[in-house]
Amino acid sequence: MEKTKLNNDMTSSAEEVPEWLLDLDKVGFVRRLFLARKWYGGDWWFVAISAVLLIFIIIVGIFPQWFAPYDPRVEVGPSLLAPGETPPSFLLITPLDSGDIRMVDIADKTNNIGFIVGSAASQAMRETVDALNESAPEGVRYQPRQKRYETLDEGLQSLANGEIDGFIVSPEELGESLQNYTSLQVANTLREEGEKGFVFGTNQIGQDVLSRIIWGTRIALIVGLSSAVVSFLIGVPLGLISGFAGGPFDRVLTLLMDSLYSFPGLILAIAIAAVLGAGIGNIIVSIAVLYIPTYYRIVRGQTLSVKKELYVEAARSLGTSWKDILIKYIFPNVIPSVVIIFSVNVGDAILTEAGLSFLGFGLPPDTPDWGIDLARGQDYVRRAWWLITYPGLMVTLVTLSFSMLGESLSEILNPRLTER
Amino acid sequence: MSNTQELMKIQDLSVEYKTRLGQVSAVDHVSFDIYKGEILGLVGESGCGKSTMGKALMRMIQPPGKITNGQIIFDGKDIMTYDQNQMRSFRGNKVSMIFQDPMTSLNPVQRVDEHVIEAIQVHEPKTKTDAALGRAEILIQKLGIQKRRMNSYPHQLSGGMRQRVMVGLGLVLNANLIIADEATTSLDVIVEAKLADQLRDVREEFGVSLLVITHNIALVAELSDRVAVMYAGHIVEIGDVEPIFDDPLHPYTKGLLDSIPTIKLNEKEELYKMPGEPPNLTHPPSGCRFHPRCPFAMPICSNQEPTLKEISPGRLVKCWLFSEHAEKADTNTEVSS
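Keep in mind it's a predicted model, so treat the numbers as computed, not measured. (Residues numbered from 1 in each chain as written. Chains lettered and ligands numbered in written order. Predicted model: local features only at pLDDT ≥ 70, side-chain atom pairs only at ≥ 80, totals over all residues.)

Participant: Honestly, the overall build of chain A in this entry has me stumped. Any pointers?
Facilitator: When you go through chain A residue by residue, the secondary structure sums to 16 helices and 5 strands. Every one of the 420 residues in chain A was classed for burial, and the buried ones make up 38%. By sequence separation, contacts in chain A at least 24 residues apart represent 77% of the contacts at least 6 residues apart. (Helix = DSSP H or I, 4+ residues; strand = E, 2+ residues; numbered from the N terminus. Buried ≥ 20, exposed ≤ 12 C-beta atoms within 10 Å, placed from the backbone. Contact = placed C-beta atoms within 7 Å.)

Participant: How should I be thinking about the overall build of chain B in this particular structure?
Facilitator: Helix and strand counts for chain B come out as 9 helices and 12 strands. In chain B, which comprises 337 residues, the share counted as buried stands at 42%. Considering only residue pairs separated by 6 or more positions, chain B has 66% of its internal contacts joining residues 24 or more positions apart.

Participant: How should I be thinking about the sheet that holds strand β4 (residues 65–74) of chain B in this particular structure?
Facilitator: Each strand in a sheet pairs with another by means of backbone hydrogen bonds, the pair being arranged parallel or else antiparallel. Residues and elements named next belong to chain B. Here 4 strands make up an open sheet; going across it, the order is β2-β1-β4-β5 and the pairing antiparallel. Bordering the open sheet on either side are β2 (22–35) and β5 (77–78), each of which pairs with just one other strand. The pairing of strand β1 (residues 6–19) with β4 spans 8 bridges and is antiparallel. Paired with Ser14 across the two strands is Asn69, which belongs to β4. Lying over the sheet, helix α1 (residues 50–57) contacts β1, β2 and β4, oriented at roughly 65° with respect to β2. (Pairing = 2+ DSSP bridges. Axes fitted to C-alpha atoms, helices over the stretch in contact; angles between N-to-C directions.)

Participant: Looking at this structure, how should I read unusual backbone geometry?
Facilitator: Phi is mostly negative for residues that are not glycine, and the peptide bonds are mostly trans. All names here are of chain B. At Asp12, a position not held by glycine, the phi torsion is positive, near 55°. Of note, Asp12 is situated in strand β1. Unusually for a residue other than glycine, His29 sits at a positive phi of about 45°. Residue position: His29 is located in strand β2.

Participant: Got a minute to help me understand the interface of chain A and chain B in this structure?
Facilitator: Interfaces are often sized by the accessible area lost when the parts come together. Each partner contributes to the interface: chain A provides 18 residues, whereas chain B provides 25 residues. Of all the secondary-structure elements, those providing two or more residues to the side of chain A that touches chain B are α13 (310–317) and α14 (322–359) of chain A. In terms of residue class, the side of chain A that touches chain B is built from 7 nonpolar, 5 polar and 6 charged. (Nonpolar A, V, L, I, M, F, W, Y, C, P; charged D, E, K, R; others polar.)

Participant: Even after reading the chapter, I still don't get the packing of helix α9 (residues 209–245) of chain A against helix α10 (residues 247–261) of chain A, so can you show me in this structure?
Facilitator: Between two packed helices, what matters for the description is the angle formed by their axes and the separation of those axes. All names here are of chain A. Running from N to C, α9 and α10 point in directions that differ by 135°, and their axes come no closer than 7 Å. It follows that α9 is oblique to α10 by the angle criterion. Two packed elements cross with a definite hand, and for α9 against α10 that hand is left-handed. Contacts between α9 and α10 involve Leu238, Ser242, Gly243 and Ala245 on the former and, on the latter, Gly247, Phe249, Asp250, Leu253 and Thr254. (Parallel < 35°, antiparallel > 145°, perpendicular 65-115°, else oblique. Left-handed = near helix turned anticlockwise from the far one by under 90°.)

Participant: Would you mind going over the confidence of the model for chain B with me for this structure?
Facilitator: Atom-level detail of predicted coordinates should not be read off regions where pLDDT is low. Residues and elements named next belong to chain B. Within chain B, residue pLDDT values average 80, and 93% of them lie at 70 or more. When the criterion is pLDDT under 50, residues 333–337 qualifies, and its contacts beyond four places in sequence or with other chains add up to 4 contacts. Both confidence scores are given for the complex: pTM 0.68, ipTM 0.70. (pLDDT = per-residue confidence, 0-100.)

Participant: Explain the sheet that holds strand β10 (residues 234–240) of chain B here, please?
Facilitator: Residues and elements named next belong to chain B. Taken together, the 8 strands give an open sheet; going across it, the order is β6-β7-β8-β3-β9-β10-β12-β11, and neighbouring strands pair in mixed fashion. The open sheet is flanked by β6 (95–98) and β11 (308–312), the only strands paired with a single partner. Adjacent strand axes in the sheet meet at a mean angle of 20°, parallel and antiparallel pairs treated alike. Relative to strand β8 (residues 209–214), strand β3 (residues 39–43) runs parallel, the two being bridged by 5 bridges. Its bridge partner being in β8, Leu40 is matched across the sheet by Leu211.

Participant: So what exactly am I meant to see when it comes to the pairing of strand β1 (residues 90–95) of chain A here?
Facilitator: Side-chain positions along a regular strand alternate between the two faces of the sheet. Residues and elements named next belong to chain A. Here β1 lies mainly inside the structure; 6 of its 6 residues are buried. Taken together, the 3 bridges between β1 and strand β4 (residues 166–169) define a ladder with antiparallel strand orientation. For Ile93, the partnering residue across the bridge sits in β4 and is Phe167.

Participant: Looking at this structure, I do not really get the environment of Glu407(A). What am I missing?
Facilitator: Along the polypeptide, Glu407(A) turns up in helix α16 (residues 386–413). The spacing of Glu407(A) and Ile341(A) is 66 residues in sequence and 8.7 Å in space, taken between C-alpha atoms.

Participant: Can you walk me through the pairing of β10(B) in this structure?
Facilitator: Residues and elements named next belong to chain B. Taking burial as the measure, the 7 residues of β10 include 6 buried ones, the bulk of the element. By the bridge criterion, 6 bridges tie strand β9 (residues 226–231) to β10 in an arrangement that is antiparallel. Paired with Val227 across the two strands is Gly239, which belongs to β10. Hairpin remark: β9 followed by β10, antiparallel, with 2 residues in the connecting loop; positive phi at Ala232, about 50°. Here 2 bridges tie β10 to strand β12 (residues 315–318), and the two strands are oriented antiparallel to one another. Across the sheet, residue Ile238 finds its bridge partner in β12, namely Leu316.

Participant: Please clarify how helix α5 (residues 159–171) of chain B should be interpreted in this entry.
Facilitator: The periodicity of an α-helix, 3.6 residues per turn, causes residues three or four positions apart to be oriented the same way. Residues and elements named next belong to chain B. A rise of 1.5 Å per residue sets the reference length of α5, with its 13 residues, at 18 Å; its end C-alpha atoms lie 18 Å apart and thus fit the reference within 8%. Inspection of α5 places Gly160, Met161, Arg162, Gln163, Arg164, Val165, Met166, Val167, Gly168, Leu169, Gly170 and Leu171 among the buried residues, and these make up the whole buried set. Among the structural elements, β6, α3 (112–123), α4 (129–142), β7 (177–181) and α6 (189–206) are those in contact with the buried residues of α5. (Expected span 1.5 Å × (residues − 1).)

Participant: Quick question: what am I supposed to make of the packing of α10(A) against helix α12 (residues 280–306) of chain A here?
Facilitator: Residue and element names in this part refer to chain A. Running from N to C, α10 and α12 cross one another at 130°; their axes reach a closest spacing of 9 Å. Here α10 lies oblique to α12, going by the angle between them. The two elements α10 and α12 meet at a crossing, and its hand is left-handed. The residues of α12 that touch α10, namely those facing Met257, Leu260 and Tyr261, are Pro293, Tyr296 and Arg297. Of the residues belonging to the contact of α10 with α12, the class tally is 5 nonpolar, no polar and 1 charged.

Structural data, given as structure tokens:
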């Protein structure tokens, strides 16, 4: 009886509440989120989530053809189709007396076909004519003259007057207005309404935005990873040797790197890219040059402090050669801080690459690339939000994943940070 | 110590540091011997050149320091003439070092076994990892570290354990001389006593010589066979532990021993404080470097430097009080009172 009471007291006492829970009450919401990383093993979650994301993105980047529904360089639908919207159908309107008439009958280059300027009808017509030309016998070429009209009424009037042979319009636009023109008829449907739309819509030249994003992943990963790897492979050894050797070599190299570092990043990349010219290799080089000083500075600084550590001296007192000291003692103690830089750099490089392409210094213009898509989409930002939203989202997502992975991994892997 | 076979003979060794204020002679023309299988304590105030001496014995003085003079003869060969490669195989193989701070003297990203294996393979590159591991395990267990600790990182070990690992690193290559540079200073007294015991066991078992550099005189009294007292870059007295502690000859040694706090001290008796400060070694005092602080200073002390003179077998003192000189007749100093 006494004992159970004691137990009850124990469980209800403050000692039973874990320390971190008490601490949690003292801090604000934002800090609580940050602290949660430690308490709940949040780093593992960060790593898991970002790793899954990155693995998916990398698979997409390696095998875009598995995921992309369309060819990213081919126009596959009407332009500027909103996400999820199905392509509208179009009707061919002809004078009543022409009877049962098809597009093929009025697609000669002597024929005139009208449509409302700025509507998707022109594209529908072009597609139909292209289809006709493909199945046409040798030597026959369909190329009807196009007539653009400001309003529907203008077009229908000129059709009724016999100035043109046909008029293409969507059912929605046509509405009931055909009732006013008794001499006109709906001859046939030029294009059926599409059954399936485009998940992320289409861009201004009718390419599928989703497919372009998926193929763009490949470019982004190639440029981001290889430029980060190149600058890692150059910057880290340079920093190690420079910090370890010291002397005039170190001073000259530091001066060089600092002068590189003092340039605003994107401007330097633009300068290099402009000198080297377009092409993916040149982009990689220009971005890599940009990040070499980052690695160099971090690694050199760390090397300077690590080489003065007692364990390096202890290693020397055991007769370890300087190569071994560099590889086994200094490098492993320097690398944790570089890993963060690396993953953040991959994200940053993707961003820079997008920036370069955005400014037109990057890749050939038909390349499916996020930066190019963003650059082109900005002209249509008021009409078509999806052109810049999705590529922008992808850039954000990939950059975020890389930084998250790097930072959390370094938090976990660094044995010095492990709690005892 | 009956065994007086020399392991290392230091002759006329000088180490200087270049500073903006001028040359600092941290070790100034020092000569002494280290015998096989002995524990030699090297005591002195902070900044008197003890650690510099320890490093100099392995030629590990880094710029701006430099060994400017002298010979270090080990097994009949002068290691000052060794080139880089010979020096590398000398370090660790023949002489190894235990450092002051066990917290930072092991590579934080290497496990204990990796440390030991590396130490073995640096000098015996042909040794298979398994064989090296086997050797390491036996040794580490002898030093009282559990086998499962082999997989631990340094930060998972206690300070005493780390020092034992460092001792192990020195022993695994059968080094003949282990230099313990303030190895016990940062440990608490109990761990320190344990490590001292272990160092003695190690000496007994492996027959290595130990040079224990410390300012802890009690430890030296407990641990050492012989003791060398250093002051301002000079060795002022050297000899077997007991005679020196029972009857210190050099005034500095006396002062040093009187400065040790003891529990017996009552309130009336104050702890002896040596007057003055250790000299600035950029401009060391002329003559005997201790004369400005010496209660028995004579005119000659400020003019001429005394030599390290053998008073009795194995007992050397560097003081005019025990040397023949012109003014000897004039002085009436009572030597050992």
